[in-house]
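Listed below are the residues making up each chain.
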Amino acid sequence: MAESAEQAAGGGMTEYIHHHLHNLQWHVGSGVFSVINIDTVAVTLLLLAVFLGVFITAARRASAGVPGRFQAFVEMVVVGVDELVRETFHGSSKLIAPLSLTIFVLVFMMNFMDLVPVDLLPWLGRASGLPYLRVVPTADLNTTLGMALTVFLLIQYFGLKHKGPGLFFKEMFTAPFHAHGFMAILLAPVNLLLRLIEEAVRPVSLSLRLFGNMYAGELIFILIAVMTLGAGLAHGMTYVMGPVQGMADFVWTVFHILIITLQAFIFMMLTVVYLSMAAEHH
Amino acid sequence: MNINLTLIIQALAFFATVLLVMKYGWPHIMAAIEDRQKKIAEGLAAAERARAELKDADARVAVEIRQARQQAAEIIDRAQQQAHQLLDQAREDAVAELNRQKAAAQAEIASMAQRAREDLRDQVAKLAMQGAAKILQREIDPAAHRMLLDQLATEI
């Protein structure tokens, strides 16, 4: 009896997990690349709209008078990011602080979607006719890599702007190993290779770190949800697994609050560090 | 790992958001914060200044109160001195008046005594002449015995 239930649950489990990890996709053309993950894009745009709405409303209403609760909240975030950026980046830039703020708040909001009960939105989606729905944009590599590549391009732009094209390209061949004469020519390819690896590693590590954390977090929520998959009031195990599931879910949610904040912070902080390194002269 | 067109869309959406925040959000909020910081700094400085001024004023008031008190004490002192002087003057005047009147009275008494003595002397001389006339049974010519009478009068 128990064996057959487990077997049934096993099949259901695989399907359940697979279903949860499948994006709602729209094939715009033929080929693997010409696919759009509608759910990721939609949730991202929704969060962007909320973020921009709140932030630009605050900016429009901002005055030097006594701040209200709403303004004080927004200013608290702004000042926090501003201080962090000032500590790390010792140049003047109009881009770097707003960029950091956008990264932190946006990544946090996208990560936060992980704390919405894992079955709630897919269930609502199914009720309204959507076959798949993944609601955590940062658990989609497209999002994290897209952001990391944007940051990568900004790093290159920063390097070009702060060093000038001459120094920017010269440093590709002369740093980190300095030499004179023949040795300089010998070391040039080594320097170039190191530079290329260094630059390539940054977006990859940035995106994979965030993606890995959020994907794993989502997966653990799914696995916790699986504990009572197909459970009925007639099964004895339901009364054991139910409380265990509740406990596990609570513990992981609390822990995950820390993770989502930390990952948002790390993404922001590394961006600031990379940008300030790009602006520095070797 | 299904990398697809979503990557481009997400990158563009992210970049657009950064641009919007940079253009329409961040500068306004930072300007408001900096304005407020300036205002607060000015307010604190003004409060500090006002406190210093109040302290100055308090000190000035204390000095003035002390001076006023001193002046009042001086005025009272002077008034008392003046009163004493007036009293002394009056006393001296009274004593002088008393002495003067006493002297006048004594002088009058003396002159009256002198006059009485002279009257007495005259009468004694008259009595003496009458006595002598009676003794001699005849009128003594006062003129003839003027010298004698005067001598007698001085001897009495």
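Residues numbered from 1 in each chain as written. Chains lettered and ligands numbered in written order. Predicted model: local features only at pLDDT ≥ 70, side-chain atom pairs only at ≥ 80, totals over all residues. Heavy atoms only, no water.

### Here we look at the overall build of chain A
Quick reminder of the rule: Only DSSP runs of H or I with at least four residues qualify as helices, and only runs of E with at least two residues qualify as strands; both kinds are numbered from the N terminus onward. For every residue, the accessible area obtained with a 1.4 Å probe (protein chains only) is divided by the maximum for its type, and the residue is called buried under 20%, exposed over 50%, and partly exposed between those limits. What makes two residues a contact is simply this: any of their non-hydrogen atoms within 4.5 Å. Methods summary: accessible areas were calculated by the Shrake-Rupley approach with a probe of 1.4 Å, and residue burial reflects only the protein chains presented. The charged-residue count follows a simple rule in which Lys and Arg add positive charge and Asp and Glu add negative charge, with His and chain termini not counted at all. By convention, the point assigned to a charge is CZ for Arg, NZ for Lys, CD for Glu and CG for Asp.
A tally of regular secondary structure across chain A gives eight helices and two strands. Going residue by residue from the N terminus, the α and β elements of chain A occur as α-β-β-α-α-α-α-α-α-α. Counting only C-alpha atoms and orienting by the principal axes, one finds that chain A spans roughly 80 × 60 × 40 Å. The buried share of chain A, reckoned over its 282 residues, is 42%. Sequence-distant contacts in chain A: of pairs separated by 6 or more residues, those separated by 24 or more amount to 71%. For chain A, the computed accessible surface area is about 14,800 Å², with 73% contributed by carbon and sulfur atoms. Distance from the positive charge centre (13 side chains) to the negative charge centre (17 side chains) of chain A: 15 Å.

### Details of the packing of aromatic side chains
Residues and elements named next belong to chain A. This is how the line gets drawn: Put simply, two rings from Phe, Tyr or Trp (the six-membered ring, in Trp's case) pair if the centres are within 6.5 Å, and we call them stacked under 30 degrees between planes, edge-to-face over 60, tilted for the rest. Criterion for a charge above a ring: Lys NZ or Arg CZ within 6 Å of the ring centre, and within 35 degrees of the ring normal.
Enumeration according to the criterion identifies eight aromatic pairs over all chains in this entry. On the basis of an interplanar angle of 65 degrees and a centroid distance of 6.4 Å, the ring pair of F221 and W252 is categorised as edge-to-face. Separated by 31 residues along the polypeptide, F221 in helix α7 (residues 182-226) and W252 in helix α8 (residues 237-279) bring together distant segments of the chain. Take F221 and W252: they sit in the same class, and that class is buried. Judged by centre distance (5.5 Å) and plane angle (50 degrees), the rings of W252 and F255 are tilted. Highlighted residues: W252 and F255, both in helix α8, separated by three residues, approximately one helical turn. Judged by relative accessible area, W252 falls into the buried class, the value being 15%. Ring-pair connections join several aromatic residues into one group, and the members of that group are F104, F108 and F112. The ring of F168 is capped by R195, whose NZ or CZ atom sits 5.5 Å from the centre of that ring.

### A closer look at the confidence of the model for chain B
Just so we agree on the cut-off: Every residue is assigned a pLDDT by the predictor, reflecting its confidence on a scale from 0 to 100.
On average, chain B scores 89 in pLDDT, and the residues at 70 or more come to 94%. What the predictor reports for the complex is a pTM of 0.73 with an ipTM of 0.85.

### Describing a nonpolar patch on the surface
Residues and elements named next belong to chain A. Note the following rule: Here a patch means residues that are over 30% exposed by relative accessible area and free of salt bridges, tied together within 9 Å if like-charged and within 5 Å if nonpolar (Val, Leu, Ile, Met, Phe, Trp, Tyr). The term salt bridge refers to a side-chain nitrogen of Lys or Arg lying within 4 Å of a carboxyl oxygen of Asp or Glu.
Nonpolar side chains collect at one region of the surface, where W26, V28 and I38 lie side by side and expose about 270 Å² of accessible area between them. The topology assignment puts V28 in the loop between β1 (25-27) and β2 (35-37). By relative accessible area, which is 39% here, V28 ends up partly exposed.

### A short note on the interface of chain B and chain A
Heads up, the condition is: Accessible area, probed at 1.4 Å, shrinks when two parts are joined; the buried area is that loss added up over both. For this analysis, a polar contact is any N or O atom pair within 3.5 Å, provided that within protein one partner can donate a hydrogen and the other can accept it, and provided that sequence-adjacent residues contribute only side-chain to side-chain pairs. Amino acids outside the nonpolar list (Ala, Val, Leu, Ile, Met, Phe, Trp, Tyr, Cys, Pro) and the charged list (Asp, Glu, Lys, Arg) are all regarded as polar, and Gly is one of them.
Across the contact, 31 residues belong to chain B and 54 residues belong to chain A. Both faces considered, chain B and chain A share a buried interface measuring about 3,500 Å² in area, 77% of it formed by carbon and sulfur atoms. Of all residues in chain B, Q10(B), F14(B) and W26(B) bury the most surface against chain A, accounting for 21% of the area lost on that side. At the surface where chain B touches chain A, the tally comes to one salt bridge. Notably, a salt bridge pairs E75(A) with R36(B), separated by 2.7 Å at the nearest N-O pair. Counting across the interface, chain B meets chain A through eleven residue pairs in polar contact (both at pLDDT 80 or more). Here the residues of the side of chain B that touches chain A are counted per class, giving 20 nonpolar, seven polar and four charged.

### A look at empty space enclosed by the protein
Under the convention used in this document: Buried and open spaces are told apart on a 1 Å grid over the protein atoms alone, a cavity being a set of points where a 1.4 Å probe fits but cannot get out and a pocket being an open set with protein on both sides within 12 Å along at least five of seven lines. Residues with an atom within 4 Å of a point are the lining residues. Grid points are joined across faces, edges and corners, and a volume is the space filled by probe spheres set on the points.
Enumeration over the complete set of coordinates arrives at two cavities of 30 Å³ or more. One number sums up the size of the largest cavity: a volume of about 100 Å³. Every residue lining the largest cavity is counted, 13 residues in all, and those nearest its centre are V118(A), P122(A), V135(A), V136(A) and E218(A). A class-by-class count of the residues in the lining of the largest cavity yields nine nonpolar, one polar and three charged. Of the voids in this model, the second largest cavity is the one considered here, and its volume is about 40 Å³. Every residue along the wall of the second largest cavity is listed here: T44(A), L106(A), M110(A), T143(A), M147(A), Q10(B) and F14(B). Within the residue set of the lining of the second largest cavity, elements represented by two or more residues are α4 (96-112) and α6 (141-174) of chain A together with α1 (6-136) of chain B. Classifying every residue of the lining of the second largest cavity gives four nonpolar, three polar and no charged.

### What to know about the side chain of N37(A)
Turning to its location among the elements, N37(A) is positioned in strand β2. For N37(A), the contacting residues outside a window of four places in its chain are N23(A), L24(A), Q25(A), D140(A), N142(A), N4(B) and T6(B).

### Thoughts on the confidence of the model for chain A
Residues and elements named next belong to chain A. Overall, the prediction assigns chain A a mean pLDDT of 84, with 95% of residues at 70 or greater. Averaged pLDDT values for the elements of chain A fall to 61 in helix α1 (residues 2-20) and rise to 92 in α4. Segment residues 1-9: pLDDT under 50, and two contacts once partners within four positions in sequence are set aside and those in other chains are kept.

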